[in-house]
Amino acid sequence: GDSVTQMEGPVTLSEEAFLTINCTYTATGYPSLFWYVQYPGEGLQLLLKATKADDKGSNKGFEATYRKETTSFHLEKGSVQVSDSAVYFCALSGDTGGFKTIFGAGTRLFVKA
Amino acid sequence: DAGVIQSPRHEVTEMGQEVTLRCKPISGHNSLFWYRQTMMRGLELLIYFNNNVPIDDSGMPEDRFSAKMPNASFSTLKIQPSEPRDSAVYFCASRIEGLNNQPQHFGDGTRLSIL
């Protein structure tokens with residue numbers, strides 16, 4: 001079945017450092033890919049998405065490119081801020097029927113001032 | 001626009017009591033999902049509905065858990081009787097179904113503590 005694997009956390013960075021959170025997926029067909037962010041005490045919220053191969057999703061300085069050849073959707077940001085401290089979830093929604101979104105386990109990011 | 005609304009935000013009760021969690025999805029969304037989140041198990045899908053009909057309840061942990069969606073604007077998740085291991089944050093999410101590129105929209109969750 002479909003699955004998402006993302007790098008384990010926690011990830012601790014200093015402010016203004018470069019961020020990469022790896023995400024790979026297994027799916028039949030052509031899924032849509034998402035990154036969600038969860039701040040403390042809140043629900044998950046969409047950060048960015050990409051719906052087809054080579055699409056780049058971007059929002060708030062974060063970017064991720066849908067790479068079908070490597071089945072990856074790595075999240076990057078050039079300069080993180082303390083306010084980016086949160087848990088990040090990679091997810092996919094398949095095109096082979098069904099209603100589920102498959103979420104990764106989440107990666108906790110701590111950014112130090 | 002109002003997002004997904006969950007109530008209560010916090011619930012503390014003693015084991016054995018009945019607990020009812022409530023969710024109002026975003027108007028126009030035709031799919032609704034209930035999740036449970038714990039440190040140990042992460043985010044787990046419990047059940048989802050499409051057009052008010054339960055599609056997959058395989059994630060419901062036990063018969064003590066039940067969920068209903070009597071109309072397009074309201075859903076409940078009930079635990080009876082509750083146990084300490086049910087303590088978690090429960091999220092409701094909704095989505096427009098039919099296009100895979102539509103994200104789920106989450107509520108802020110209900111933090112449940114069973115003593």
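Cut-off values and rules
The residue numbering used here restarts from 1 in each chain and proceeds along that chain's sequence as written. Lettering of chains starts at A and numbering of ligands starts at 1, both following the order in which they are written. This being a predicted model, a pLDDT of at least 70 is required before a residue's local features are given, and a value of 80 or more before pairs of side-chain atoms are given or counted; all residues contribute to the totals for chains, interfaces and linings. Heavy atoms throughout the structure, all of them, feed into the side-chain values; hydrogens and water do not. By definition in these notes, contact holds between two residues if any of their heavy atoms fall within 4.5 Å. Buried area, as used here, totals the accessible surface that two parts lose on assembly, with accessibility defined by a 1.4 Å probe and the loss added over both. The salt bridge criterion pairs a side-chain nitrogen of Lys or Arg with a carboxyl oxygen of Asp or Glu, the two atoms within 4 Å. Two N or O atoms form a polar contact when they lie within 3.5 Å of each other; inside protein one atom must be a possible hydrogen donor and the other a possible acceptor, and for residues adjacent in sequence the pair counts only when both atoms belong to side chains. In this analysis, rings of Phe, Tyr and Trp, with Trp reduced to its six-membered ring, are considered paired at centre separations within 6.5 Å, and the interplanar angle assigns stacked below 30 degrees, edge-to-face beyond 60, and tilted for intermediate values. Secondary structure elements are taken from DSSP: a helix is a run of H or I of four residues or more, a strand is a run of E of two residues or more, and numbering for both begins at the N terminus. Exposure is judged per residue with a 1.4 Å probe applied to protein chains only, and the accessible area is read against the type maximum: over 50% gives exposed, under 20% gives buried, and values in between give partly exposed. Strands qualify as paired when DSSP identifies two bridges or more between them. Note on geometry: axes are C-alpha line fits, over the in-contact stretch for helices, and angles between N-to-C directions span 0 to 180 degrees. For the purposes of this analysis, a disulfide is any pair of cysteine sulfur atoms at a distance within 2.5 Å.

Visitor: Looking at this model, I keep getting lost on the interface of chain A and chain B. Mind explaining?
Guide: For interface size, the figure often reported is the accessible area lost on association. Contacts between chain A and chain B engage 20 residues on the former and 22 residues on the latter. Between chain A and chain B, a total of about 1700 Å² is buried, with carbon and sulfur atoms accounting for 54% of that surface. In terms of surface lost to chain B, no three residues of chain A exceed A:L44, A:F99 and A:K100, which account for 36% of the buried area on that side. Put simply, chain A and chain B have 0 salt bridges between them. At the surface where chain A touches chain B, the tally comes to 6 residue pairs in polar contact (both at pLDDT 80 or more).

Visitor: Any chance you could explain the packing of aromatic side chains here in plain terms?
Guide: Each aromatic ring pair is described using two quantities: the centre-to-centre distance and the angle formed by the ring planes. Overall, the coordinates contain 11 aromatic pairs over all chains when judged by the stated rule. Each ring, one from A:F62 and one from A:Y88, has its centre 5.6 Å from the other, and the planes form 40°; the classification is tilted. Of this pair, A:F62 sits in strand β8 (residues 62-65) while A:Y88 is found in strand β10 (residues 86-93), placing the two residues 26 residues apart along the sequence. In this structure, A:F62 and A:Y88 share a single accessibility class: buried. Ring centres of A:F103 and B:F106 lie 6.0 Å apart, and the angle between their planes is 80°; this geometry places the pair in the edge-to-face category.

Visitor: Just to check I follow, could you spell out the sheet that holds strand β9 (residues 75-77) of chain A for this structure?
Guide: By way of backbone hydrogen bonds, the strands of a sheet pair with one another, either parallel or antiparallel. Residue and element names in this part refer to chain A. The strand order β3-β9-β8-β7 describes an open sheet built from 4 strands, whose pairing is antiparallel. The open sheet is flanked by β3 (19-21) and β7 (56-59), the only strands paired with a single partner. Here the strands of the sheet are splayed against their neighbours by 15° on average, with no regard to which way each runs. When β7 meets β8, the two strands line up antiparallel, connected through 4 bridges. Note that in β8 the partner of N59 across the bridge is F62.

Visitor: Please explain the sheet that holds strand β7 (residues 65-71) of chain B as it appears in this structure.
Guide: All names here are of chain B. Read across the open sheet, the 4 strands follow the order β1-β3-β8-β7; overall the sheet is antiparallel. This sheet does not close on itself; its edge strands, each paired only once, are β1 (5-7) and β7. Strand-to-strand twist across the sheet, computed as the mean angle between neighbouring axes with direction ignored, equals 15°. In this sheet, strand β3 (residues 19-24) lies alongside β1 in antiparallel orientation, the contact comprising 3 bridges. By the bridge assignment, I5 is partnered in β3 with K24.

Visitor: What exactly am I supposed to notice about the pairing of strand β1 (residues 3-6) of chain A here?
Guide: Two faces, one strand: in a regular strand the side chains alternate between the faces of the sheet. Residues and elements named next belong to chain A. Only one face of β1 is covered, namely the one carrying V4 and Q6; the face carrying S3 and T5 has none of its residues buried. Pairing of β1 with strand β4 (residues 23-26) involves 4 bridges; the strand directions are antiparallel. In the strand pairing of β4, Q6 is matched with C23.

Visitor: Looking at this structure, I do not really get the state of the cysteines. What am I missing?
Guide: Here, the word disulfide means a covalent bond between the sulfur atoms of two cysteines. Applying the stated criterion across every chain, the model contains 2 disulfides over all chains. At a sulfur-sulfur separation of 1.9 Å, the disulfide partner of A:C23 is A:C90. Looking down the S-S bond of the A:C23 and A:C90 bridge, the torsion is -70°, so its handedness is left-handed. Here A:C90 lies in strand β10 and A:C23 lies in strand β4, a separation of 67 residues in the sequence. Here A:C23 falls in the buried class, since its relative accessible area comes to 1%. Here A:C90 falls in the buried class, since its relative accessible area comes to 1%. Sulfur-sulfur distance for the disulfide between B:C23 and B:C92 comes to 1.9 Å. Where B:C23 bonds to B:C92 through sulfur, the torsion about that S-S bond is close to -70°, and the disulfide is left-handed. Here B:C23 is found in strand β3, whereas its partner B:C92 is found in strand β9 (residues 88-95), with 69 residues between them in sequence. Each member of the pair, B:C23 as well as B:C92, is classed as buried.

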